[in-house]
Amino acid sequence: MSRLWYHLVNKLFLQSIMKYTNTEEIGKSVNLIDWNEIIKHNTFNDLWIVINHTVYDITSFIQYHPGGHDILIYNAGKDVTDIFFDIHNKDILKNAEKFIIGKVLP
Ligand code: HEM
């Protein structure tokens, strides 16, 4: 009986830990990128932008952007968080997850 208790308590304990730690994130290394690097990627053929501290390599997307490429090139290598949310619905970011290459080095 005490063994059963032990297992139950253990299970509850583990479950509560799992709630607070996103186990999928553990072991996944986040690519932290320095601003010195980000600003270099500012051309039509190599274009990164930052939204909410997340770095997106949208080079392959530029030609398909409904808002055209001039505005992307003008904002390349920059933090576009404010302008992005001024113009787009936030759901658009879900479709852009495939372009994520890392986070800005704090
Ligand atoms: C991950 C990056 C981006 C994605 C996936 C994206 C996607 C889109 C999409 C789907 C539209 C069509 C309109 C809509 O559905 O809201 C659009 C329009 C537009 N986007 Fe982006 N965009 C991105 C980045 C940017 C950035 C960085 C800027 C400006 C700095 C920008 C400026 C615009 C403008 C001006 C329009 C046209 C809005 C209009 O005609 O009303 N976009 N974009």
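About the criteria used
Residues numbered from 1 in each chain as written. Predicted model: local features only at pLDDT ≥ 70, side-chain atom pairs only at ≥ 80, totals over all residues. Helix = DSSP H or I, 4+ residues; strand = E, 2+ residues; numbered from the N terminus. Contact = placed C-beta atoms within 7 Å. Core = buried A, V, L, I, M, F, W, Y, C linked by C-beta atoms within 7 Å. Buried ≥ 20, exposed ≤ 12 C-beta atoms within 10 Å, placed from the backbone. Near = placed C-beta within 6 Å. Pairing = 2+ DSSP bridges.

Draft legend 1. Looking closely at the environment of isoleucine 62. For isoleucine 62, the position within the fold is in the loop between strand 4 (54–57) and helix 3 (70–74). Spatially, the C-alpha atoms of isoleucine 62 and aspartate 46 are 9.6 Å apart, while their sequence positions differ by 16 residues. Aside from chain neighbours lying at most four places away, what touches isoleucine 62 is Phe44, Leu47, His69 and Leu72.

Draft legend 2. Focus on the nonpolar core. Counting residues in hydrophobic clusters, the biggest one holds 9 residues: Ile38, Leu47, Trp48, Ile49, Val50, Val55, Tyr56, Leu72 and Ala76. At the level of elements, strand 3 (46–51) and strand 4 are the ones that each hand at least two residues to this core. Broken down by element, the residue count for this core peaks at 4 residues, all from strand 3. Contacts of valine 55, omitting those with residues within four sequence positions, involve Ile33, Ile38, Trp48, Val50, Ile101, Gly102, Lys103 and Val104.

Draft legend 3. Examining unusual backbone geometry more closely. Residues other than glycine seldom take positive phi values, yet asparagine 52 does so here, at roughly 50 degrees. Within the secondary structure layout, asparagine 52 lies in the loop between strand 3 and strand 4. Within the chain, histidine 53 stands out as a residue other than glycine whose phi angle is a positive 65 degrees. Positionally, histidine 53 belongs in the loop between strand 3 and strand 4. Given 12 C-beta atoms within 10 Å, histidine 53 falls into the exposed group.

Draft legend 4. Here's a closer look at the site of the ligand. Close to the ligand lie 18 residues, the nearest being Pro66, Gly67, Asn75, Val80 and Ala96. Broken down by secondary-structure element, the contributors of at least two residues to the shell around the ligand are helix 3 and helix 4 (81–87). If one sorts the elements of the shell around the ligand by residue count, helix 4 sits on top with 3 residues.

Draft legend 5. Main features of the pairing of strand 4. Of the strand pairs in this sheet, strand 3 and strand 4 are connected by 4 bridges, and their pairing is antiparallel. For isoleucine 51, the partnering residue across the bridge sits in strand 4 and is threonine 54. Taking the residues that link successive antiparallel strands as the turn, the strand 3-strand 4 hairpin has 2 residues, and the phi of asparagine 52 there is positive, at about 50 degrees. Examined bridge by bridge, strand 4 and strand 5 (residues 100–104) share 3 bridges and lie antiparallel to one another. Of the residues in strand 5, the one forming a bridge with tyrosine 56 is isoleucine 100.

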